[in-house]
Amino acid sequence: MLSLDDAQKRAEQLVEMARRIGADAADAIYVCDASTQVQMRLGLLEDVERSEGEEIGLRVFAGKRSATVSSSDMSNEALNRLAERALAMAREAPEDQYAGLAPEELLLRKKAPGLELACKDDPDPQTLKERALIAEEAARGVMGVTNSEGAGASAGRSHIALATSHGFAGSYAATSHGCYASVLAGEGAGMQRDYASHGVRHLLDLEGAESIGVRAGQRAVARLNPIKIESGQMPVIFDPRIGSSLIGHLIGGIVGSAITRKSSFLLELLGKSIFPEGITIIDDPHRLRGLRSRPFDGEGLPTRRSTLIEEGVLTGWLLDSASARQLGLQPTGHAARGTGGAPGASATNVHMEPGEMSPGDLMADVKRGIYVTELIGMGVNMVTGDYSRGASGFLIENGATGPAVAEITIAGNLLDMFAAMSAANDLEFRHGINVPTLRVDGMTVAGG
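Residues numbered from 1 in each chain as written. Predicted model: local features only at pLDDT ≥ 70, side-chain atom pairs only at ≥ 80, totals over all residues. Heavy atoms only, no water.

## Comments concerning the pairing of strand β1 (residues 25-41)
Worth spelling out the cut-off: Here, a strand pair is defined by DSSP locating no fewer than two bridges between the strands. The numbering of helices and of strands both runs from the N terminus, where a helix is a DSSP run of H or I of at least 4 residues and a strand a run of E of at least 2.
Relative to strand β2 (residues 44-62), β1 runs antiparallel, the two being bridged by 17 bridges. Residue pairing for β2: Met40 is matched across the bridge by Leu45. Between β1 and the antiparallel strand that follows it, β2, lie 2 residues; Leu42 among them carries a positive phi value of about 55°.

What follows is the structure, encoded as C-alpha cells:
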C-alpha cells in the first residue's frame, strides 16, 4: 500500500504522462484496500482471509471521445503503457457531447475537511478471532439457539487519491472495523435464522462483541413458530435496520443517470411534495467518522451537506458532471467512481430526521398490522415505483407486537408509500443510510 503522499504523486504522474503523449485532458484515481477477516463457527476457526489490492485507473479525453483503463502494476513502464493504451482507445471511441472533466471553477481549492475517517488501530488476526468467538458464544448462549451459521470480525484500511489535468489533487485514508454473528433457533423444518452486526470507522466506536451476539440470538429465537395471517390492506411498520432500504429506492430515483435516461419514477416530481410535511432527509458527506463520508467527490469537487427532502418536498437530483451537462445543471458534488469506468453519482451518509413519537406510540392505534424485520427479494420497479417484496416479522394487534410471521409479501407503490409514511423518534447512526422506525399505512399484505 502506497502512502497517501506517494499515491497522490503516482496519480499526478499518470495524468502528466497522458497529457505528454497527446491527451486533451485526463484524470487518475488510485485505490488500495487492505483487509483482514476472521470467521468462526461452532467455536472453531473456519477461515482467515487477508487481502490487499491496489489499482490505478486513468481516464483520458481526445476531444469529446474518452476511454478508461486500469492497472495494478504501479511501475513507470506499466503506467506509460497504460497511458498509451488509454489514449489509443479514446481516439477510437464514439463522441459524447457531455463527456469531460468537472468544471474547473468548481474544483475543491481549499484544504479538504478532516473527517476522522481513519484510526491507528490495526488488530491482528488473533484479536479478531477472539472478538468473533465472543460474539458467537454469546449468540449460542441464548436459550433456544440450536446452531450457528458463524460469527466474524474484520478490520480494513483504504487509501484513495485523485488527480486531474486541470488542477485538482487530493487523497484521504479510511479504516473500517466490523463484527457480526448469525445463528439458528429451533429444530427441523421449524428452524429460524437471524443475525446482528455492527461496522464503524474507529475501533473504539465498535459495539461490544457480546452485545452483538446476544442480539443475534434473541432475534433468531423471537422468530420461532411463525403463524399464518389473512391477506389484506394494513399498516406496515419497518424496523430501522430494513426501513433504510426505502430511502435507498428514493436515492436510486434521483441519481443523474436515472434522470437523464428518463427511467425514474420521480422524473416529473422535482420541487413537489412526495412525503408528508414532517419528513426531512439529509445527505451529509462531512459527518465525522461516517461510513460514507468523503472530503471530495470522484471528480475533485467539494462535498457538502444537502437536503434531499425538505419538509416532504423533493429538492433536487444527485449529479456528476456528465449528467449535469445533459440536464443543463451544475454538478452537485456527488460523483462516485472506481478505477474501471467513468464517474456516476451516489449519495453519502443519508438520514431521515426523527419524528416526535416513540415507536410504541407510532403503532399504538394499529388494530392489525405487520412489524417487518426482514425483506427478501428485489421486486421494485424503479420506472413505475411498483413495490413487492417478501417479508417476515411480527403481527401487530391492538398496538402491540405479537407472534412471528413469515413468508408474507408486502406490496404497494413507492409514491403512495412515501406519501403515507411517518417516522418515530428512535434515529440512530449505524449504517450508510439511517432511519428511525417507519410506518406506512395502506400497504397490501399477502399471507403465506
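## Description of the nonpolar core
One recurring pattern in soluble globular proteins: nonpolar side chains tend to sit buried together. Quick reminder of the rule: Joining through side-chain atoms within 4.5 Å is the link that ties buried Ala, Val, Leu, Ile, Met, Phe, Trp, Tyr and Cys residues into a set, and such a set is a nonpolar core. Each residue is assigned to one of three classes by its accessible area relative to the maximum for its type, calculated with a 1.4 Å probe on protein chains only: buried under 20%, partly exposed between the two thresholds, exposed over 50%.
Grouped together as the largest cluster of nonpolar side chains are 52 residues, with contacts concentrated most on Phe238, Leu250, Ile281, Tyr387 and Ile410. Among the elements that make up this core, the one with the highest residue count is helix α5 (residues 240-254) (6 residues). Counting residues in hydrophobic clusters, the runner-up holds 27 residues, among them Val15, Tyr30, Cys32 and Leu58.

## Digging into the pattern of salt bridges
We count it as follows: The rule for a salt bridge is simple: a side-chain nitrogen of Lys or Arg has to be within 4 Å of a carboxyl oxygen of Asp or Glu.
Under the definition given, this model contains 20 salt bridges. One salt bridge connects Glu95 with Arg65, and the closest N-O pair in it is separated by 3.8 Å. Within this pair, whereas Glu95 is found in the loop between α2 (76-92) and α3 (125-140), its partner Arg65 is found in strand β3 (residues 65-71), the two being separated by 30 residues in sequence. You can call Glu95 exposed: its relative accessible area is 58%. We classify Arg65 as partly exposed; its relative accessible area is 28%. As a salt-bridge pair, Arg109 and Glu104 come within 3.8 Å of each other at their nearest N and O atoms. Overall, Arg109 belongs to the exposed group, its relative accessible area being 52%. Looking at Glu104, the relative accessible area reads 44%, which means it is partly exposed. Among the charged side chains, a network of salt bridges with common partners joins Glu149, Arg193, Asp194, Arg223, Arg241 and Glu374.

## Things to note about the sheet that holds strand β10 (residues 313-314)
Read from one edge of the open sheet, 5 strands run β10-β9-β8-β13-β18, paired in mixed fashion. A single partner strand is all that each edge strand has here, and the edge strands are β10 and β18 (433-434). Of the strand pairs in this sheet, strand β13 (residues 350-352) and β18 are connected by 2 bridges, and their pairing is parallel. Following the sheet pairing, Val350 is matched in β18 by Ile433.

## Let's talk about the layout of surface pockets
Let me state the cut-off plainly: Residues are called lining when one of their atoms sits within 4 Å of a cavity or pocket point, these points coming from a 1 Å grid over the protein atoms alone, where a cavity is a set in which a 1.4 Å probe fits but cannot get out and a pocket is an open set with protein on both sides within 12 Å along at least five of seven lines. Grid points are joined across faces, edges and corners, and a volume is the space filled by probe spheres set on the points. Polarity classes work like this: nonpolar for Ala, Val, Leu, Ile, Met, Phe, Trp, Tyr, Cys and Pro, charged for Asp, Glu, Lys and Arg, and polar for all others, with Gly in that last group.
Quantified by volume, the largest pocket comes out at close to 560 Å³. In terms of lining, the largest pocket is formed by 31 residues, of which the most central are Ser158, Ile160, Tyr172, Arg201 and Leu291. When residues of the lining of the largest pocket are assigned to their parent elements, the largest contribution, 6 residues, is made by strand β5 (residues 169-185). Tallied by class, the residues present in the lining of the largest pocket amount to 12 nonpolar, 13 polar and 6 charged.

Honestly, that's just the spatial picture; any functional story needs more than this.
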